[in-house]
Protein chains: 2
Amino acid sequence: MTARGPTVKAIPDGDDRERLTCPDCGFIAYENPKMVAGSVVSVGEKIMLCRRAIEPRSGVWTLPAGYLELNETPEEGAMREAWEEARARIAIDALLAVFSVPRISQVQLIYRATLAEPGFSAGPESLEVELFAWDDIPWDDLAFPSVRWALDEYKARLGQTAFAPGVNPPGMVGDRF
Amino acid sequence: MTARGPTVKAIPDGDDRERLTCPDCGFIAYENPKMVAGSVVSVGEKIMLCRRAIEPRSGVWTLPAGYLELNETPEEGAMREAWEEARARIAIDALLAVFSVPRISQVQLIYRATLAEPGFSAGPESLEVELFAWDDIPWDDLAFPSVRWALDEYKARLGQTAFAPGVNPPGMVGDRF
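Residues numbered from 1 in each chain as written. Chains lettered and ligands numbered in written order. Predicted model: local features only at pLDDT ≥ 70, side-chain atom pairs only at ≥ 80, totals over all residues. Heavy atoms only, no water.

Engineer: Explain the nonpolar core here, please?
Structural biologist: Formed by 20 residues in total, the largest nonpolar core has its most connected members in Val40, Ile47, Leu49, Leu63, Ile137, Leu142 and Leu151 of chain B. Element by element, the count of residues in this core is highest for helix H2 (residues 145-156) of chain B, at five residues. Look past the residues within four positions of Ile137 of chain B in its chain and what remains in contact with it is Ile47, Leu49, Phe132, Leu142 and Leu151 of chain B. Val40, Phe132, Ile137 and Ala150 of chain A belong to the second largest nonpolar core, which has 19 residues in total. (Core = buried A, V, L, I, M, F, W, Y, C linked by side-chain atoms within 4.5 Å. Buried < 20%, exposed > 50% of the residue type's maximum accessible area, 1.4 Å probe, protein only. Helix = DSSP H or I, 4+ residues; strand = E, 2+ residues; numbered from the N terminus. Contact = heavy atoms within 4.5 Å.)

Have a look at this one:
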């Protein structure tokens, strides 16, 4: 038995787009964009980054962030990811940015946060978790363009409490480095 | 042939949550929260609402909004929905709110917009499209709680250009009227 699943593209009745359908049973797999929730977590004047233990981009640095799960709010998702990846309990303070990576149908909601309790450590998806002063951030070893964008938003909003969340830099669509 | 599709819940290898799997072929249907993109469109001092031609909540009033499609940014989705439901070409001006309805795994990004071109009319999913002065809005015939929330955010932000997007009112999770 192979996991075939929906493999045939067809336009369902009453729809106007091709959807993946299962040739065996007619099941329609409606594919939706995926939401990522994450955070820029500051500790004093330093920023928490996680070195990825998993693909894609294993071995390089990222923010605690990941796919939103069912029945979660984005804030809950960002808090869960901070725990899973950095064993950090965070307090969210503002929505820093809404980034889009349309090529891979991803929308990222990135929050600004601090530690709600002291302490952090590498979760199962991280090799290590470290605090970096701004000038020590490993800019050449960030996992995704949107990590850089989020850090730039964080820096631009330091000291501000009510602001419109940032979006992709002009012309940038989040393609890989 | 019946459209059975994935019907059995099981925890895939390396995962920590139950996912729907197909008993015939082993396909795993990863279910993700769905994103809704929409807008509060103002025309002069009036606000555009659409009377729904489809379930759920057929016959009552809503904002132009709907599920984000693959490879869309939320702004593109809001513009597409305004066209589909109200035959309106809109210009987005700000992110008004990020609402969550965790019971149905929905996150809504609601923008503030104006008409980019004059004119609007009912699209196939609307019975009619109308402009309402604030006091004439059919408050008792709005389709979803989040329509009310979005209108309240719109009103609260009139004249403001840089603000943090709103979230659900305290204690509200978007359950149906």
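Engineer: What exactly am I supposed to notice about helix H2 (residues 145-156) of chain A here?
Structural biologist: Each full turn of the α-helix corresponds to 3.6 residues, which orients residues three or four apart in the same direction. All names here are of chain A. In this model H2 runs 17 Å from its N-terminal to its C-terminal C-alpha over twelve residues, within 8% of the 16 Å that 1.5 Å per residue would give. Taken together, the buried positions of H2 are Pro145, Ser146, Val147, Trp149, Ala150, Leu151, Glu153 and Tyr154. Check the buried side of H2 and you find it contacts strand S4 (34-43), strand S5 (46-52), strand S6 (61-62), strand S8 (90-101) and strand S9 (106-115). (Expected span 1.5 Å × (residues − 1).)

Engineer: Just to check I follow, could you spell out the pattern of salt bridges for this structure?
Structural biologist: Pairs can form between side chains of opposite charge once their charged atoms are near each other. Residue and element names in this part refer to chain A. Enumeration according to the criterion identifies 14 salt bridges over all chains in this entry. With a closest N to O distance of 4.0 Å, Glu153 and Arg157 form a salt bridge. Residue class for Glu153 comes out buried when judged on its relative accessible area of 15%. Under the relative-accessibility criterion, Arg157 is labelled partly exposed at 21%. (Salt bridge = Lys/Arg side-chain N within 4 Å of Asp/Glu carboxyl O.)

Engineer: So what exactly am I meant to see when it comes to the sheet that holds strand S3 (residues 28-29) of chain A here?
Structural biologist: Strands sit in the order S1-S2-S3 (chain A) across an open sheet of three strands; the sheet is antiparallel. Taken across any chain shown, the strands that pair with only one partner, and hence form the sheet edges, are strand S1 (8-10) and S3 of chain A. (Pairing = 2+ DSSP bridges.)

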